[in-house]
Amino acid sequence: MFNQEAETIAPPPENTSVNNGRCGFTLAEVLITLGIIGVVASLTMPSLIANHRKEVLKTELKKAYSELQQVNLSFINDEEMNMCEYDWMLVDSGLEVMAASKELSRKFIKYYQGNGEYIYNLGIDNIKTISGGNAHTSYFDDGSVADLRKRTFYFEYGETSRKKCPIITVDINGYYKLPNQLGVDMFAFRPTENGKVIPLGNPSTLNDAANGSSTFTECSKTSTSSFNGMGCAYWAVTDINPEDKTKSYWKDFIK
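For clarity, every value in this text was computed on a predicted model and none was experimentally measured. (Residues numbered from 1 in each chain as written. Predicted model: local features only at pLDDT ≥ 70, side-chain atom pairs only at ≥ 80, totals over all residues. Heavy atoms only, no water.)

**What to know about the environment of Ala146**
Among the structural elements, Ala146 can be located in strand β1 (residues 144-146). On the basis of relative accessibility, which here comes to 17%, the residue Ala146 falls in the buried class. Taking the C-alpha atoms as reference, Ala146 lies 7.2 Å from Ile109; in sequence the two are 37 residues apart. (Helix = DSSP H or I, 4+ residues; strand = E, 2+ residues; numbered from the N terminus. Buried < 20%, exposed > 50% of the residue type's maximum accessible area, 1.4 Å probe, protein only.)

**Re the state of the cysteines**
Within this structure, the stated rule accounts for two disulfides. With its sulfur 2.0 Å from that of its partner, Cys84 forms a disulfide with Cys165. Of note, the bridge from Cys84 to Cys165 carries an S-S torsion of about 125 degrees and is right-handed in sense. With Cys84 in helix α2 (residues 83-92) and Cys165 in the loop between β2 (152-156) and β3 (167-171), the pair connects residues that are 81 residues apart, well separated along the chain. Pair check on accessibility: Cys84 and Cys165 agree, each one buried. Each sulfur in the disulfide pair Cys219 and Cys232 lies 2.0 Å from the other. The sign of the S-S torsion, about 105 degrees, decides the handedness of the disulfide formed by Cys219 and Cys232: right-handed. Of this pair, Cys219 sits in the loop between β5 (197-199) and α4 (233-238) while Cys232 sits in the loop between β5 and α4; the two residues are 13 residues apart in sequence, bridging distant segments of the chain. Its relative accessible area of 9% is what places Cys219 among the buried residues. Bonded cysteines in the protein are paired 1-2, 3-4 when counted in the order they occur along the chain. (Disulfide = S-S within 2.5 Å.)

Geometric values such as these leave the question of function open.
Next up, the structure:
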């Protein structure tokens, strides 16, 4: 009979599973981690929110400027004259300058599918300069209209005899959304005698009384002038810091 050695059964290996050691996190560790995350979030969230807000305003400004240029071209095509000439014509026909501006604002807003209603002095006492002071209200009370998106347009009348074209200040997110501040969500433009639309503050147009920025040049974080911010539109559109041309308007100038 063939002898067969008894088969030896090896003992099971020692348990080397990680379960023999500690796994997971203690409650204290979880709470510490959450605390660190909370601190980091509290430090970064305000900056992220502020940057997002500025990007939205920047986009809205570019859109408002583009639409204003299109409206100006449509106005010229329909009336066979630009807004300056139309405003001057109304004054020459006998209308008082504020009445002429009111009439221009009503015709203007039709291109935005607005109701064309004159909104008397809408919130002009709450408009702030870019440095936080009270803005000079006389440049927002000659004709106020709003489009269907609640954006508000304020008109400052032009002068006849080709002395000055009107000014249109746009609250790009509307009066009902703060801060209602020049250079932040309110920007001034001028339709020109040569059929263009310029943002106020352009240094190359300062000497052109009818078509240029004229006296509306201030865009400073420190000036206490009640007109401070009327000249910010050019810098905001071009995204150039007026106090340091190497930096960004939206990232560095606006806080």
